[in-house]
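# Structural overview for review
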Amino acid sequence: MEHHPPTRTRKLKSDFISTLPQNIIEDILTRIPLQEALRTSVLSKKWRHTWRGMPKLVFTDNMVNHLRIQLNKYKLISAIFHVLLFHNGPTIVEFRCSVGELHMESEFAQILSVLARGNTVKEFIFISDNRSNKLPVSFFALQGLEHVHLENCTLEPPLTFNGVSSLTVMNFQNVEVSAQVLQHFISKCPLLQSFILIEVGKGIESVPAGGNNFTLVDLFQCVPLLEGFGITKHYMKYLCAGGMPHKLPASLVHLSYLFLHVCLVEQNEISSALCIIRSSPVLGRIVFLMDNNDKSPVQQTPANFLDPEGYPDLNLDHLEMLEIHNYSNLPLEMEFVKLIIAKSPELEEVRIRLNSNVSADEERKMLKEMLLLPFPRASPSAKLIIVSP
């Protein structure tokens, strides 16, 4: 029997990746560290320029520190500019760098200027470790942006900023921004469809304001096309200071996803949440993160404050999913859940994640109240899922 050497088979297998379509290869390269993707240029002539078509460039602390060991600061910056100069133009750029700690503030501004000239960046992600890091003016020259994700930085647009007409998604996490700046920014982004404004950990101690001249009502008027909105307690409390109207002046006719971080022992926060819900006729999913309600001072509210019969204009005809996190099983929380269930004829699932302080006995009592005791249900077939900590 004749035996053929396995060389050809091994060669075919080893070169399999090179036979893939160019866009698949480029996608694979975006999933490995940038410095490793650049090294593929020495594999063969075919691979020499492949990295130039990578749709996403990610600059991280690990990459920068690794290069700084081998290069001095100026050669490092030169290497980064070399990548940007010869790249065909990334559509997604991500910086996970301690820009201030690396003393690269001016160089970072120059990098953004280069990206702005190319006008190819559609998605920009900036994750810093220090909220005092101020985004450079050159960031606001990225006029082709569609998605922006900012974490732990300060946002101060120049007076000449005229908005980003193509921006549709904006996520702010621990971003230092005044009410006036926030209004100036979003009012110039007419196509905004998703806006998330959150703080994590200890949160922001104070939002620089200079007067509460910009409220949540004003915010919603700036974003008529909004489809998804999320806000955590600190921002919500600040933007809702002074109370919210019974209903917004203009309904949020596109809003289908809502995330709210609220304290349901404060009547003002309940009213604010109900104002938003009442003004959103096509909501399909609501997510509540309960503030540590069990540790908050209980305020006096009327016994029938959340009686479904008292809300004839609250109609959640499209709501399919209700999620509640950090549920403490306080009476007002239970009544709030019952109100939403009573007004949602298309509801498919109610998922409640319990606070760690809820005992097993309290959990059983809650299940009995929600499953066995009668209360109005617009959708009797909705599934109830309780998740213990």
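In what follows, the accompanying structure is described. Bear in mind that the values here come from a model prediction, so they are computed numbers and not experimental data. (Residues numbered from 1 in each chain as written. Predicted model: local features only at pLDDT ≥ 70, side-chain atom pairs only at ≥ 80, totals over all residues. Heavy atoms only, no water.)

Counting secondary structure elements, the chain contains twelve helices and twelve strands. Looking at the chain residue by residue over its 389 residues, the buried ones come to 48%. In the chain, the share of contacts with a sequence separation of at least 24, taken over all contacts with a separation of at least 6, comes to 76%. If you sum the accessible surface of the chain, you get close to 19,500 Å²; carbon and sulfur atoms cover 54% of it. (Helix = DSSP H or I, 4+ residues; strand = E, 2+ residues; numbered from the N terminus. Buried < 20%, exposed > 50% of the residue type's maximum accessible area, 1.4 Å probe, protein only. Contact = heavy atoms within 4.5 Å. Areas by Shrake-Rupley, 256 points an atom, 1.4 Å probe, with all protein chains shown as cover.)

This part takes up the sheet that holds strand β12 (residues 383–387). What the twelve strands build is an open sheet, ordered β1-β2-β3-β4-β5-β6-β7-β8-β9-β10-β11-β12; its pairing is parallel. Among the strands making up the open sheet, the edge pair consists of β1 (56–60) and β12. Averaged over neighbouring strand pairs, the angle between their axes works out to 10 degrees when direction is ignored. Here β1 pairs with strand β2 (residues 92–96) via five bridges, running parallel. Across the sheet, residue Thr60 finds its bridge partner in β2, namely Arg96. This element, helix α7 (residues 179–186), spans β5 (169–176) and β6 (194–198) of the sheet and lies at about 165 degrees to β5. Taken strand by strand, helix α12 (residues 360–371) contacts β10 (321–327), β11 (349–354) and β12, and its axis lies near 170 degrees from that of β12. (Pairing = 2+ DSSP bridges. Axes fitted to C-alpha atoms, helices over the stretch in contact; angles between N-to-C directions.)

A few words now on α7. Every α-helix carries 3.6 residues per turn, so stepping three or four residues along brings you back to the same face. Within α7 the residues assigned to the buried category are Ala179, Val181, Leu182, Phe185 and Ile186. Buried residues of α7, viewed axially, fall in a sector of 160 degrees; they line one side. In this fold, the buried residues of α7 make contact with β5, β6, α8 (216–222) and α9 (233–239). (Arc of directions from axis to C-beta.)

Looking now at the packing of aromatic side chains. This structure, assessed with the given rule, holds 13 aromatic pairs. Consider the rings of Phe95 and Phe124, whose centres lie 6.0 Å apart with planes at 50 degrees: the pair is tilted. A residue pair is termed long-range when its members are at least 10 positions apart, and Phe95 in strand β2 and Phe124 in strand β3 (residues 123–127) qualify at 29 residues. For the residue pair Phe95 and Phe124, the accessibility class agrees, reading buried in each case. Members of the aromatic cluster, connected to one another through ring pairs, are Phe95, Phe108, Phe124, Phe126, Phe139, Phe140, Phe161, Phe172, Phe185, Phe195, Phe220 and Phe229. (Phe/Tyr/Trp six-rings, centres within 6.5 Å; stacked < 30°, edge-to-face > 60°.)

Here we come to the nonpolar core. Phe124, Phe195, Leu219 and Phe288 are the most contacted members of the largest nonpolar core, which totals 106 residues. Tallying contributions element by element places helix α11 (residues 331–342) first for this core, with seven residues. (Core = buried A, V, L, I, M, F, W, Y, C linked by side-chain atoms within 4.5 Å.)

Another point: the pairing of β6. In terms of residue burial, β6 counts as a mostly covered element, since four of its five residues are buried. At this point the chain moves from β5, through α7, to the parallel β6, and the crossover so formed is right-handed. Relative to strand β7 (residues 228–231), β6 runs parallel, the two sharing four bridges. Residue pairing in the sheet places Leu197 in a bridge with Ile231 of β7. (Right-handed = clockwise from strand over helix to strand, strands pointing away.)

Another point: unusual backbone geometry. Even without glycine at this site, Asn152 takes up a positive phi of about 55 degrees. Structurally, the position occupied by Asn152 is in strand β4 (residues 147–154). A relative accessible area of 19% means that Asn152 is categorised as buried. You will see that Asn329, though not glycine, has its phi angle at about 65 degrees, which is positive. Mapping Asn329 onto the fold places it in the loop between β10 and α11.

Turning next to the packing of α11 against α12. Two numbers describe how α11 lies on α12: the axes approach to 12 Å, and their chain directions differ by 30 degrees. It follows from the interaxial angle that α11 and α12 lie roughly parallel. Seen along the crossing, α11 lies across α12 with a hand that is right-handed. Across the interface between the two elements, Met334, Glu335, Val337, Lys338 and Ile341 of α11 pack against Met366, Glu369 and Met370 of α12. Residue composition of the contact of α11 with α12, by class: five nonpolar, no polar and three charged. (Parallel < 35°, antiparallel > 145°, perpendicular 65-115°, else oblique. Left-handed = near helix turned anticlockwise from the far one by under 90°. Nonpolar A, V, L, I, M, F, W, Y, C, P; charged D, E, K, R; others polar.)

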